[in-house]
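# Structural overview for review
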Amino acid sequence: MQLRYGFRLYPNGPQRAALAKAFGCARVVYNDALRARETARATGEAFPRTGDLSKLLITEAKLTDERAWLGEVSAVVLQQSLRDLDTAYRNFFDGLKGRRPHMGAPRFKSRKDNRQAVRFTANARWKITPGGDLSLPKIGDVRVTWSRTLPSVPSSVTVIKDAAGRYFASFVIETGTEALAETESVVGIDLGLGHFAVLSDGTKIDAPRFLRRAEKKLKKAQRNLSRKAKGSSNRDKARIKVARAHARVADARREFHHRLSTRLIRDNQAVAVEDLAVKGLARTRLAKSVHDAGWSAFVAMLEYKATKFGRGFHRIGRFEPTSQVCCVCGVKDGPKPLHLRVWECQACGAVLDRDINAAVNVARAAGLAVSACRAQVRPVRVPAQRVEAGTHRDGRTTVVGITSL
Ligand SMILES: [Zn+2]
């Protein structure tokens with residue numbers, strides 16, 4: 001399996017200038033290729049092939065006065081930029097054909113984009129020097145903070161500059177799987193709005209305080225930015241503060257996802273989650289925009305860690321009505337409004353926590369054997385005969401206790 005390992009880079013002044021040039025050239029080639037393809041599409045000509053575009057927009061363009069500066073950066077970076085455009089088109093067309101969630105058409109890149117990136121493959125002859133620097137063609141030996149050791153030799157490296165002006169190297173590594181001690185425990189996970197995640201064993205997990213604090217600081221920075229006059233130098237300063245706060249939120253969220261996904265995979269032989277493409281659609285636009293990015297990153301981590309450690313990973317499909325079925329008796333009780341956090345099954349009378357009930361159903365839809373007992377909020381331990389004798393003064397449906405199951 002392939003994994004990404006990211007490290008912070010500290011390029012010096014000339015290296016930052018060389019990287020800016022590489023980002024710019026990669027962007028120009030990308031945009032030139034996009035323009036060529038969009039023109040062909042508009043005029044009904046054949047879709048230009050990547051090989052032809054590479055010849056026209058890189059090899060031949062370098063010989064012209066307008067594009068001579070393309071020769072100042074590694075050609076591999078430019079070719080990889082064309083491949084990125086291929087990927088963007090493939091995803092777009094697959095989306096149109098319904099093979100994957102719908103994606104917008106590829107768009108022109110701007111120098112103002114938040115994230116700038118270039119990729120060096122093995123062909124570019126980049127290397128890690130004996131002194132531990134990252135040696136990049138036509139850029140130099142860049143200082144790296146190695147926060148962990150690479151398990152094997154990486155095949156490619158992507159150099160990224162984020163909105164906060166930080167540089168990173170992201171390596172693609174081929175790794176094998178590692179065995180963990182087997183465990184009996186399995187778990188279903190409901191990703192929700194009230195809590196970040198609710199587990200079928202009844203655990204409710206919220207975003208940790210360090211993430212909430214970073215989010216609060218980001219909001220404050222954004223408010224501060226909106227009060228600054230357009231075009232003022234104070235506004236520029238405030239904008240950088242917002243970008244930094246954004247970066248900190250992203251880091252804190254990633255850290256939280258890592259901790260939680262590692263814990264879930266370590267403690268369980270198999271995990272099951274709901275397909276998020278469906279979940280997002282079922283909810284409001286706001287909720288989707290706030291949570292989707294976080295959820296899918298988290299689920300992706302669960303999946304690769306499950307593969308890495310030999311655990312089961314199940315994604316359950318769109319037609320499982322996880323929040324409508326009573327996990328105690330299995331009767332489908334119909335849709336419920338979002339604000340209803342606790343509901344009573346009309347068939348068996350169980351009083352259920354909406355999220356835990358859903359998590360239990362997620363696990364069961366994946367074929368995992370989990371208990372329904374934590375989904376019940378008010379298990380009544382009254383002996384059955386007393387219930388039958390009609391001790392309930394108001395005559396309401398009796399709550400089924402754990403003991404009767
Ligand atoms: Zn029921």
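Residues numbered from 1 in each chain as written. Predicted model: local features only at pLDDT ≥ 70, side-chain atom pairs only at ≥ 80, totals over all residues.

- In the annotation of an unreviewed UniProt entry, the entry for the protein chain reads RNA-guided endonuclease InsQ/TnpB family protein, and the organism field reads Streptomyces incanus.

### Points about the packing of helix 1 (residues 13-43) against helix 3 (residues 75-96)
- Viewed as axis vectors pointing N to C, helix 1 and helix 3 meet at an angle of 45 degrees, and their least axial separation amounts to 9 Å. One finds that helix 1 runs oblique with respect to helix 3. For the crossing formed where helix 1 meets helix 3, the hand is right-handed. Here helix 1 contributes Ala-22, Cys-25, Ala-26, Val-29, Tyr-30, Ala-33 and Leu-34 to the contact with helix 3, which in turn contributes Val-77, Leu-78, Ser-81, Leu-82, Asp-84 and Leu-85.
- Here the residues of the contact of helix 1 with helix 3 are counted per class, giving eleven nonpolar, one polar and one charged. (Axes fitted to C-alpha atoms, helices over the stretch in contact; angles between N-to-C directions. Helix = DSSP H or I, 4+ residues; strand = E, 2+ residues; numbered from the N terminus. Parallel < 35°, antiparallel > 145°, perpendicular 65-115°, else oblique. Left-handed = near helix turned anticlockwise from the far one by under 90°. Contact = placed C-beta atoms within 7 Å. Nonpolar A, V, L, I, M, F, W, Y, C, P; charged D, E, K, R; others polar.)

### A look at the nonpolar core
- Grouped together as the largest cluster of nonpolar side chains are 39 residues, with contacts concentrated most on Ile-189, Val-271, Ala-272, Ala-359, Val-362 and Ala-363.
- Within the residue set of this core, elements represented by two or more residues are strand 8 (186-191), strand 9 (197-199), helix 5 (233-267), strand 11 (270-274), helix 7 (285-308) and helix 8 (354-365).
- No other element matches helix 8, which puts six residues into this core.
- Apart from the residues lying within four places of it in its own chain, the contact partners of Ala-359 are Gly-188, Ile-189, Asp-190, Val-198, Leu-199 and Ser-200.
- In this structure, Leu-53, Val-118, Phe-120 and Val-157 belong to the second largest nonpolar core, which totals 33 residues. (Core = buried A, V, L, I, M, F, W, Y, C linked by C-beta atoms within 7 Å. Buried ≥ 20, exposed ≤ 12 C-beta atoms within 10 Å, placed from the backbone.)

### A word on the packing of helix 2 (residues 50-59) against helix 3
- At a minimum axis separation of 11 Å, helix 2 and helix 3 run at an interaxial angle of 135 degrees. Classed by the angle they form, the pair helix 2 and helix 3 counts as oblique. Every pair of crossing elements has a handedness; the one defined by helix 2 and helix 3 is right-handed. Taking contact as the criterion, the partners of Thr-50, Leu-53, Ser-54 and Ile-58 in helix 2 are, on helix 3, Ala-75, Leu-78, Gln-79, Leu-82 and Asp-86.
- Residue composition of the contact of helix 2 with helix 3, by class: five nonpolar, three polar and one charged.

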